[in-house]
Amino acid sequence: MSDAGPTGPAVLNLGVAAFGEAIRESGGSAVDIDWRPPADGSREAGLALAGTVNDPRVETANRVAFDRFLAAEPRATGIARASEALPGMGERTILHAGPPVAWEAMCGPMRGAALGAILFEGWAADLDAARALADAGGVAFDSCHHHAAVGPMSGVTSPSMPLWVVENPPAGNVAFCSLNEGLGKVLRFGANGPEVIERLRWMQGELADVLARALDAHGPVELKPLIAQALHMGDEAHNRNAAATSLLVKRLIAPALASGADPRAIARVFAFIAGNDHFFLNLSMAACKAMLDAARGVPYASMVTAMARNGVEFGIQTSATGDSWFSAPAPVVDGLYFSGFGREHAARDIGDSAITETAGLGGFAMAAAPAIVRFVGGSPGEAIAASRRMRGIALGANPAFTLPILDFAAAPAGIDARRVVDSGVRPIVNTGIAHREAGIGQIGAGITAAPMDCFVRAVRALHGALAEADDRPG
């Protein structure tokens, strides 16, 4: 200390803030650095991470995966029945959001939605019979993601349901998502009463028919330009889709009128869409799924290709590991709760809609949607800070999606599991909150983050794959 000079010591403080304050009180200068050890201090995870950093195989693989993601051009091309469109979907199969979960372990909203789907399909006459069928193993359950599909909240998708078809010509892959039911008592929150089933049957018939005719008359709807325009109009394409829904109506209403469909049916369909600002969400999800699926299957790539929740677990997938899941307990979301509800009423985080964040939208693009904070909590400044913070865990940015308030900077995209573990910064997700009991519905909205354990497990798996390749003869 005596050799520090007349101005006292100059220190970079990596410890607690009080250490820096003590230096300053002694006449020195100290800069507090917000640093924490990788992987929350886990030595084993830190060593695994070190074994993947700067490995040319990983760096090359991530460039390939990220370039495929950027090159994707998702476009809505039609409406299809799930049993006819989804690869590998059996006759008595129900798909759900998130990693695979057994019927016995499902949360309340997902079980309620599954029972509603059984009634919708006509596999049982009432709820008691539907429950008995599921209890006896008469229905197969699987993740939407295993069938090139995604679904909001419970994500429940059954064979007769109509789906958006989103194609990605550059890679030749296709993604699917159900149609949005609107608000109130809806299947995705576990409601399964007569009014829910009646609406699903109307969607299966009139809504699907008018949309299919409109798309046939219009031709493919390019989704990246539509989403890009919506970002400039205050959407973030996850919890705020008011602009995107309006833009979709603008594109499809004239073709619908020219399609030969019954004008009264067209009026009912577009009145339904106009009354539901979230209608575009399901298309946004399918577009993001199509873009990210284009990046799958690149050996050694640590790029995250899916984040999803089933109300029990939060899981991620990476490009290198295909359908394998790296999961941890799903959090209960902190947020703004509707009057009369609180955390004690909430289900754990649920839904495939975090596919939007995985693609650089939603929470990653909150800077584009300052109004969203009135729905999920926080302030416009915090929304901007969130988008900036996500840059540190991204492989790059998507020039197709720009954020006006950040001088039209491209939105961060391409989550690198290694960077998450190294920095301790977890991917942000803004989301709706479901009641833990089936059928009550949405009780709030908020902001959460993916659990660190998911990314630690992904990095360990990558390190193991690299080590195995090094040990291979030749």
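The shown structure was predicted, so the numbers you read here are calculated from the model rather than taken from an experiment.

### Concerning the pattern of salt bridges
At step 1: In total, this model carries 17 salt bridges according to the counting rule given.
At step 2: In this structure, the salt-bridge partner of D235 is R240, at a minimum N-O distance of 3.1 Å.
At step 3: Between R264 and D262 there is a salt bridge, with the nearest N and O atoms lying 3.3 Å from each other.
At step 4: The class for D262 is partly exposed, based on a relative accessible area of 31%.
At step 5: Three or more residues joined by partner-sharing salt bridges are found here, namely E59, D416, R418 and R419.

### Observations concerning the domain arrangement of the protein chain
At step 1: On domain assignment, one finds that the protein chain holds domain 1 (2–35), domain 2 (56–69 + 296–471) and domain 3 (72–286).
At step 2: Domain 1 and domain 2 are separated by 36 Å when their C-alpha centres are compared.

### What about the packing of aromatic side chains?
At step 1: Enumeration according to the criterion identifies five aromatic pairs in this entry.
At step 2: Taking 5.1 Å as the distance between ring centres and 70° as the angle between the ring planes, the aromatic pair formed by W202 and F272 counts as edge-to-face. Pair noted here: W202 is in helix 7 (residues 194–218) and F272 is in helix 10 (residues 263–274), with a separation of 70 residues, a long-range link.
At step 3: An aromatic cluster is defined as three or more aromatic residues linked by ring pairs; in this entry it consists of W164, W202, F272 and F279.
At step 4: Taking the ring centre of Y300 as reference, the NZ or CZ of R57 above it sits at 5.7 Å.
At step 5: Sitting over the face of the ring of W103, R111 holds its NZ or CZ atom 4.0 Å from the ring centroid.

### Quick look at the state of the cysteines
At step 1: For the structure shown, the criterion picks out zero disulfides.
At step 2: Not part of a disulfide, C107 finds its nearest cysteine sulfur in C144, a span of 13 Å.
At step 3: Between C144, a free cysteine, and C177, which holds the nearest cysteine sulfur, the sulfur-to-sulfur gap is 7.8 Å.
At step 4: Looking at C144, the relative accessible area reads 0%, which means it is buried.

### Examining the pairing of strand 15 (residues 394–403)
At step 1: As judged from the six bridges shared by strand 15 and strand 16 (residues 409–415), these two strands associate in the antiparallel manner. In the sheet register, A394 faces strand 16, and the bridge partner there is I415.
At step 2: If you look at the hairpin formed by strand 15 and strand 16, you'll find five residues sitting between the two strands, and D407 has a positive phi there, around 55°.

### Considerations on the pairing of strand 17 (residues 428–434)
At step 1: Extensive coverage of strand 17 is indicated by the burial of seven of its seven residues.
At step 2: In terms of strand pairing, strand 17 meets strand 18 (residues 442–449) through seven bridges, oriented antiparallel. Across the sheet, G432 pairs through a bridge with A445, a residue of strand 18.

### Considering a nonpolar patch on the surface
At step 1: Together, L12, L14, V31 and I33 make up a nonpolar patch on the protein surface, roughly 370 Å² of accessible area in all.
At step 2: As for its position among the elements, L14 is in the loop between strand 1 (10–13) and helix 1 (17–25).
At step 3: Judged by its relative accessible area of 51%, L14 falls in the exposed class.

### Observations concerning the sheet that holds strand 11 (residues 313–318)
At step 1: Taken in spatial order, the four strands make up an open sheet running 12-11-10-14, and their pairing is antiparallel. With one partner strand each, in any of the chains shown, strand 12 (326–329) and strand 14 (350–351) form the two edges of the open sheet.
At step 2: Inspection of the sheet shows strand 11 paired to strand 12 by four bridges, in the antiparallel sense. Across the sheet, I316 pairs through a bridge with F326, a residue of strand 12.
At step 3: Sitting on the sheet, helix 16 (residues 452–471) touches strand 10 (304–310), strand 11 and strand 12, and the angle it makes with strand 12 is about 155°.

### Comments concerning the sheet that holds strand 6 (residues 149–150)
At step 1: Overall, mixed pairing links the five strands, which are arranged 6-8-7-3-9 in an open sheet. One side of each edge strand has no neighbouring strand; the edge strands of this open sheet are strand 6 and strand 9 (221–222).
At step 2: Two elements, strand 3 (residues 75–81) and strand 7 (residues 162–168), share six bridges in a ladder whose sense is antiparallel. In the sheet register, A76 faces strand 7, and the bridge partner there is V166.
At step 3: Across the face of the sheet, helix 11 (residues 281–293) comes into contact with strand 3, strand 6, strand 7 and strand 8 (173–178) while running at roughly 155° to strand 8.

Procedures and definitions
Residues numbered from 1 in each chain as written. Predicted model: local features only at pLDDT ≥ 70, side-chain atom pairs only at ≥ 80, totals over all residues. Heavy atoms only, no water. Salt bridge = Lys/Arg side-chain N within 4 Å of Asp/Glu carboxyl O. Buried < 20%, exposed > 50% of the residue type's maximum accessible area, 1.4 Å probe, protein only. Domains from an automatic or database assignment. Phe/Tyr/Trp six-rings, centres within 6.5 Å; stacked < 30°, edge-to-face > 60°. Helix = DSSP H or I, 4+ residues; strand = E, 2+ residues; numbered from the N terminus. Lys NZ or Arg CZ within 6 Å of the ring centre and 35° of its normal. Disulfide = S-S within 2.5 Å. Pairing = 2+ DSSP bridges. Patch = residues over 30% accessible without salt bridge, like charges linked within 9 Å, V, L, I, M, F, W, Y side chains within 5 Å. Areas by Shrake-Rupley, 256 points an atom, 1.4 Å probe, with all protein chains shown as cover. Contact = heavy atoms within 4.5 Å. Axes fitted to C-alpha atoms, helices over the stretch in contact; angles between N-to-C directions.

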